[in-house]
Amino acid sequence: MLFRSAGTLTIDQCASTGDAYGASDNPWWMVDLKCKIKVSGLTVTGRSDGCCPERTQGYDVYVGDYSSAAEITANAPCVLDQPALAGGGQPTEITCNEPVTGQYVWFYLPGAEKILTLCEVQVHGVKAGCPAGHTGPECGTCAPCAEGTYKDEEGNAECTACPADSSALAGSVSIEACTCNPGFNGPDGGECVACAENTYKDQAGDADCIACPEYFSTRSCCSGDEIASIWAKVEDMLSFVSP
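What you see is a predicted model, and the numbers here were worked out from it, not measured in a lab.

*Asks:* An account of the state of the cysteines is requested, with residue identities and associated values reported.
*Replies:* Here, the word disulfide means a covalent bond between the sulfur atoms of two cysteines. Under the defined criterion, the tally for this structure stands at 8 disulfides. Each sulfur in the disulfide pair Cys180 and Cys192 lies 2.1 Å from the other. Taking the torsion about the S-S bond as the criterion, the Cys180 to Cys192 disulfide, at about -90°, is left-handed. Note that Cys180 is positioned in strand E13 (residues 179-180) and Cys192 in the loop between strand E14 (184-185) and strand E15 (193-194), a separation of 12 residues in sequence. Taking the relative accessible area as the measure of exposure, Cys180 reaches 0% and is therefore buried. Exposure remark for Cys192: the relative accessible area of 8% places this residue in the buried category.

*Asks:* Talk me through the pattern of salt bridges; I want residue IDs and the actual numbers.
*Replies:* Taken as a whole, this structure holds 5 salt bridges when the rule is applied. Asp32 is the partner of Lys34 in a salt bridge, and the nearest nitrogen-oxygen pair spans 3.4 Å. Overall, the relative accessible area of 63% leaves Lys34 in the exposed class. With a relative accessible area of 23%, Asp32 lands in the partly exposed category. Among the salt bridges present, the one from Asp65 reaches Lys36, with a minimum N-O distance of 2.3 Å. Here Asp65 is found in the loop between strand E3 (59-64) and strand E4 (76-82), whereas its partner Lys36 is found in strand E2 (residues 28-45), with 29 residues between them in sequence. For Asp65, a relative accessible area of 41% translates into the label partly exposed. Since its relative accessible area comes to 38%, Lys36 is described here as partly exposed.

*Asks:* Lay out the nonpolar core in plain terms, naming residues and giving numbers.
*Replies:* The tendency in soluble globular proteins is for nonpolar side chains to be buried side by side. One finds Leu42, Val61, Val105 and Phe107 to be the most contacted residues of the largest nonpolar core, which totals 23 residues. For this core, the secondary-structure elements that each account for two or more residues are E2, E3, E4, strand E5 (91-108) and strand E7 (120-127). No other element matches the 7 residues that E2 contributes to this core. Ranked by size, the runner-up nonpolar core spans 5 residues in total, among them Tyr62, Ile72, Tyr104 and Trp106.

About the cut-offs
Residues numbered from 1 in each chain as written. Predicted model: local features only at pLDDT ≥ 70, side-chain atom pairs only at ≥ 80, totals over all residues. Heavy atoms only, no water. Disulfide = S-S within 2.5 Å. Helix = DSSP H or I, 4+ residues; strand = E, 2+ residues; numbered from the N terminus. Buried < 20%, exposed > 50% of the residue type's maximum accessible area, 1.4 Å probe, protein only. Salt bridge = Lys/Arg side-chain N within 4 Å of Asp/Glu carboxyl O. Core = buried A, V, L, I, M, F, W, Y, C linked by side-chain atoms within 4.5 Å.

Next comes the structure, spelled out in structure tokens:
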């Protein structure tokens, strides 16, 4: 992202607080990247006329999604309390302490009666994808993965369906979140096998199938929900039978 590029930069080609000679409290410069970017650093160039590079002593750079000047420091810091920018129109390379993701980049000079002049700003980074458990288009809105799907890494890829006969909660971030459906048995995230004949399982998870009560049987094609429903009805009927 390039803010300005113009050969030999003079004061009238640069962004400055107030006018070239005006001062203000806590001056700042901000760019809207129009998209969430994982910012790794910036290249910043000040005035090329040799004047006043020391004015930028102690600057901060923030990246985030807060666009109001009243919330600059609510964004994540890229760097804080930095030495002055290079003078004479020479660029200063700024590397974030760690990559920071956001739509807005702020160059902030805290303090009273400060003058901030920037002539060229390049923001270095890559488009940030949706977090794990979410999907969406580049620079668009990320939505949680639907039930029965998962996504285990950052990016804009689609969510992946759980293995057959298993399901997961919305927004799941790993295949291990896929648990076998009632009536099926197997490890979380693995192959799910129908309960054997004369056994049942009435809840999701990796629990073993349970043998039917004495004198009762079932077929392997029946689901755990069906088994549980039938058994509940039988228990109701048995409750009316005297011992």
